[in-house]
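Here's the letter readout for the chains.
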Amino acid sequence: MENPVANGGRRDDAEGVSLTPAESHRRHTRNVAIGVALGFLFLLFYVLTIARLGSNVLNRPL
Amino acid sequence: MTAVTEEWAERERTAQAEAPPLVSTGSVRDFISLLKPRVMSLVVFTALVGMLVAPGAINPVVGAIALLSIAVGAGASGCLNMWWDADIDKVMTRTRNRPIPGGRITGAEALTFGLTLSFWAVFVLGVATNWFAAAFLAFTIFFYVGIYSIWLKRSTPQNIVIGGAAGAFPPMVGEAAVTGSVSIDGFVLFLIIFLWTPPHFWALALVKSEDYARAGVPMMPIVAGQASTRLQILLYTLVVVPVATIPLWRDAGGPLYAFASIAGGAGMLWLAFTLWRSGGDRVALNPYGVRTAWRLFGFSIMYLFALFAALLVEHVTGLGPIGNFLPARGLW
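Rules and cut-offs
- Residues numbered from 1 in each chain as written.
- Chains lettered and ligands numbered in written order.
- Predicted model: local features only at pLDDT ≥ 70, side-chain atom pairs only at ≥ 80, totals over all residues.
- Heavy atoms only, no water.
- UniProt positions renumbered as here; feature names shortened; annotations may be inferred.
- Helix = DSSP H or I, 4+ residues; strand = E, 2+ residues; numbered from the N terminus.
- Expected span 1.5 Å × (residues − 1).
- Buried < 20%, exposed > 50% of the residue type's maximum accessible area, 1.4 Å probe, protein only.
- Core = buried A, V, L, I, M, F, W, Y, C linked by side-chain atoms within 4.5 Å.
- Domains from an automatic or database assignment.
- Contact = heavy atoms within 4.5 Å.
- Phe/Tyr/Trp six-rings, centres within 6.5 Å; stacked < 30°, edge-to-face > 60°.

Identification of chain B as Protoheme IX farnesyltransferase from Pseudochelatococcus contaminans is taken from an unreviewed UniProt entry. Under the UniProt heading Pathway (unreviewed entry), the entry covering chain B gives this text: "Porphyrin-containing compound metabolism; heme O biosynthesis; heme O from protoheme: step 1/1."

S.K.: Summarise helix α15 (residues 255–277) of chain B; cite the residues concerned and give the values.
M.R.: Over its 23 residues, α15(B) extends 33 Å from the first C-alpha to the last, a length consistent with the 33 Å expected when each residue adds 1.5 Å. Buried within α15(B) we find B:Y257, B:A258, B:A260, B:S261, B:G264, B:G265, B:G267, B:M268, B:L271, B:A272, B:T274 and B:L275.

S.K.: Can you explain the nonpolar core? Please cite residues and give values.
M.R.: Counting residues in hydrophobic clusters, the biggest one holds 94 residues, and the most contacted among them are B:L34, B:L125, B:F169, B:I192, B:Y257, B:L307 and B:F308. The biggest single contributor to this core is helix α10 (residues 184–207) of chain B, with 12 residues. Shared between two domains, this core takes at least three residues from each, and those domains are domain 1 (28–182) and domain 2 (184–323) of chain B. Not counting residues up to four positions away in its chain, the partners in contact with B:Y257 are B:I192, B:A244, B:P247, B:L248, B:L307, B:A310, B:L311 and B:E314. Core analysis: the second largest hydrophobic core is formed by 7 residues, A:A51, B:V62, B:V124 and B:A128 among them.

S.K.: How would you explain the packing of aromatic side chains if you had to name every residue and give the values?
M.R.: Residue and element names in this part refer to chain B. Evaluation of the coordinates by the stated rule reveals 22 aromatic pairs over all chains. Their ring planes at 55° and their centres at 5.8 Å tell us that F139 and F143 sit as a pair that is tilted. Highlighted residues: F139 and F143, both in helix α7 (residues 131–152), separated by 4 residues, approximately one helical turn. Overall, the relative accessible area of 11% leaves F143 in the buried class. Taken together, the ring pairs in this structure connect F132, F136, F139, F142, F143, F169, F187, F190 and F194 into an aromatic cluster.

Here you go:
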């Protein structure tokens, strides 16, 4: 088993991986970035739909 | 401990140090740097000009989304290029701290990231504009990664000549997003970037040839020698400078473009000529040649930027073609 101190506190063994505080922080910011990207994509498709529809959205027979 | 045991222990330590981590350790900044943001900004700029010179109009919101897709597509190509070239990047001083050779992001992560972004960039461009533009973007990504990075870069000194097409496609992709096709004006913009690429990159390769040689990349100065490269830089410059004036004859460029293409072209010719005249042995440039090569490299960036910025400003401000400013309109 590797020395956890030499590895910045991370432990990789049969029981799994425990992250160092720095790695945990980086994973958290990555998760936030993925969330923001997905939210942006959602917004992008909404705006694109509205822009593509344009004024035709009002052009419907009653 | 015997010598053999010691060697195995050393190998084990090296393998542990080089083994990819079991969990992702890259930061958001590392992933952004995989996209080569500076190259992305140049692609956005040239694609925007391609959209503006296109003979048609586009909804500004759709146009912005198209531009974003092209930017993400360019970023995805950069990411896939870094995935493939990680071994080269590791031995070159300029690139060895990139996220993959630096050990912060694994090759598999970069490959997944690049492919995912490629898919979304092409899909969004297709949905937002038209599928011809989307297919063109997909082809551009394929050309940069498959044709340039994987095939040409390591196999021929003409790598950046042919591969340069990938960097020259964005104005045509931009135009295709607006009109669904490509006009002669869009093709001329492609031609300018395509012919500009060899003098630009070979000026850099002249001063960084040791780096490229160490990485085993057959750049022109290593294969043909620096004297031949200096001559070829001059020849390409002699071609690109007149080609860059074509938008004037086609009424696509105005007075600003005339100034940028003529004054900038003169600067390019002067520097390429000076570099050609500078001495040095077969392998290395002399210090004067090194300075001139750096100046040409820097000036070529400003030259291309000035050409496209002039077109951008003229189309935004409505400054007419150069012919409108001359008395003998019939000559134009």
